[in-house]
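Observations on the three-dimensional arrangement
Spelled out, the chains give:
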Amino acid sequence: MSLLVVGLSHRSAPVSVLERASLAADAQAKLLQDTLAAEPATEAAVLATCNRIELYADVDKFHAGVAELSTLLAQHSGVGLEELTPYLYVHYEDRAVHHLFSVACGLDSMVVGEGQILGQIKDALARGQELHTAGRLLNDLFQQALRVGKRAHSETGIDRAGQSLVSFGLQQLAAGADPALWAGGKRALVIGAGSMSSLAAATLARTGVAEIVVANRTRARADRLVEILQQGDDTAVRARAVEMSAVGDELTRADIVVSCTGSTGLVLTADALADALGVSLDAAPEAPTVTAAAPAPDDVDQHAAWVENGSAASGAHAGPATPRRVTVPAQSTGPVRLALLDLAMPRDIDGAAHRIAGVRLVDIESLAEASADAPMAADVDRVRTIVSDEVAAFGAAQRAAHVAPTVVALRTMAADVVAGEIARLDGRLPDLDEKQRAEITQTVRRVVDKLLHAPTVRVKQLASEPGGAGYADALRELFDLDPQTVAAVSRADLNDPNRGRS
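What comes next concerns the included structure. (Residues numbered from 1 in each chain as written. Predicted model: local features only at pLDDT ≥ 70, side-chain atom pairs only at ≥ 80, totals over all residues. Heavy atoms only, no water.)

**Let's talk about the pattern of salt bridges**
Counted under the stated rule, the structure contains 21 salt bridges. With its nearest N and O atoms 3.0 Å apart, the salt bridge here joins Glu 155 to Arg 151. Taken as a pair, Glu 155 and Arg 151 lie in helix 7 (residues 136-155) at a separation of four residues, close to a single helical turn. On the basis of relative accessibility, which here comes to 41%, the residue Glu 155 falls in the partly exposed class. A salt bridge links Glu 227 to Arg 224; the shortest N-O distance between them is 3.4 Å. (Salt bridge = Lys/Arg side-chain N within 4 Å of Asp/Glu carboxyl O. Helix = DSSP H or I, 4+ residues; strand = E, 2+ residues; numbered from the N terminus. Buried < 20%, exposed > 50% of the residue type's maximum accessible area, 1.4 Å probe, protein only.)

**Points about the packing of aromatic side chains**
Each aromatic ring pair is specified by the distance between its two centres and by the angle formed by the two planes. In total, this model carries three aromatic pairs according to the counting rule given. Measuring from centroid to centroid gives 5.4 Å for Tyr 56 and Phe 142, while their planes differ by 80°, and the two rings are edge-to-face. Taken together, the positions of Tyr 56 in strand 3 (residues 52-59) and Phe 142 in helix 7 put the pair 86 residues apart, joining distant regions of the chain. (Phe/Tyr/Trp six-rings, centres within 6.5 Å; stacked < 30°, edge-to-face > 60°.)

**Brief notes about the sheet that holds strand 1 (residues 3-9)**
On the basis of which strands lie adjacent, the open sheet formed by four strands has the order 2-3-1-4 and antiparallel pairing. The open sheet has two free edges, formed respectively by strand 2 (41-49) and strand 4 (89-92), since each of these has just one partner strand. Taking each pair of neighbouring strands and ignoring which way they run, the sheet shows an average axis angle of 15°. In this fold helix 2 (residues 25-37) packs onto strand 2 and strand 3, with an angle of close to 160° to the strand it touches most, strand 2. Of the strands in this sheet, strand 2 and strand 3 touch helix 6 (residues 116-130), which is tilted by about 145° from strand 2. (Pairing = 2+ DSSP bridges. Axes fitted to C-alpha atoms, helices over the stretch in contact; angles between N-to-C directions. Contact = heavy atoms within 4.5 Å.)

**Quick notes on the pairing of strand 1**
The buried fraction of strand 1 is high, at seven of seven residues. Examined bridge by bridge, strand 1 and strand 3 share seven bridges and lie antiparallel to one another. Paired with Val 6 across the strands is Leu 55, a residue of strand 3. Pairing between strand 1 and strand 4: four bridges, direction antiparallel. Bridge pairing in strand 4 places Leu 4 opposite Tyr 92.

This is the structure:
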């Protein structure tokens, strides 16, 4: 197994960089295809969410893989490699597995414990399967990540360690008040009808808003979301769908706006918001700045030197990260007439909205800052233990699977030898009756099976241990197995339509 992940997230990069590096669906597909066309990679998958972009690949060379994947991310994101590199992190083999399992459990989310990431991992796997870029390793990895994430949520209280991004955003909009009391009776406008917007609409309905208006470019999807809201047994919210062209009019009646679309440009400009409220843009207040040090890199987490030097030894890392200046816009003061929650990446709502009197804006960047100091539940430690155990089990299973085709090829060769010898016996002793022939055949097979049993069982045990991958090579050399036969067994296993299904 030579699993490599190169990526950036809210933990390593400012929102401004994440926003520019975001990948649309067609760009993700092209990235996957180009990754497979690159020399070091044989499999690839992309995990792209509102606060992370990660490229997973099965590579045969570490340094070449890091350089190639970094270059591909830069090319397809539109952010230059020199600018992107300081924000990239790298995980390899078991550490890459540990990273994805942690992500799946919500440990690496902006709001610890949120469960929406599981759906996004499932989508990433489905995309890789559809484009035939996810092979045996990545299929196994992502399937197991989904199982580990579900286990963490079912066996621990990780859900209590944090809330969904939507709930956390509403909590920030409420500014310390009870979100249910704050939102009760208000009118909400939800822009977009995708998974995050649907979650936002459902959360708003449970919170107690009086009305939800859904606007989406595809009216049918908006209608469908409204239908789902009205069928909910635990809410009595009024809901209706409108065309995107009606957003301006709906802004004049809304108290809360949640936006999460796939648009690459602004959906709500500051001018449009000011017009809806019948006010003018005030002069922007002086924005305070705070200095936040970028996360310290682990042994292979930051690799600027690797990309530049190419031949740096594995395990080396850059020095302390240079603190970066983060600008936090000041919010307008006075009563809030319109509360805006922007969950899109890149952003849907103009950041200059904070200059409008009566507007409160919460976006991905402010959520990241607010969640940085959020308390973590004790259950997080239990989830970390689950992740560590599952990483060890996954590594052992992968190493054991690596030797399995060799064991199958060995037993196939032994069966062929038995068949050949029985055929020779038939030629020398043609008068054997069927009972005698069957007894001799069974005896020879038992002898071969007993001779092979101990070494094949032992090689599987040894192969499952760290550093055990070489045992398969040793077995092939000792028994002079045809590499093509072993490869054919591997291909048959990979193409099994029932493989990996749960």
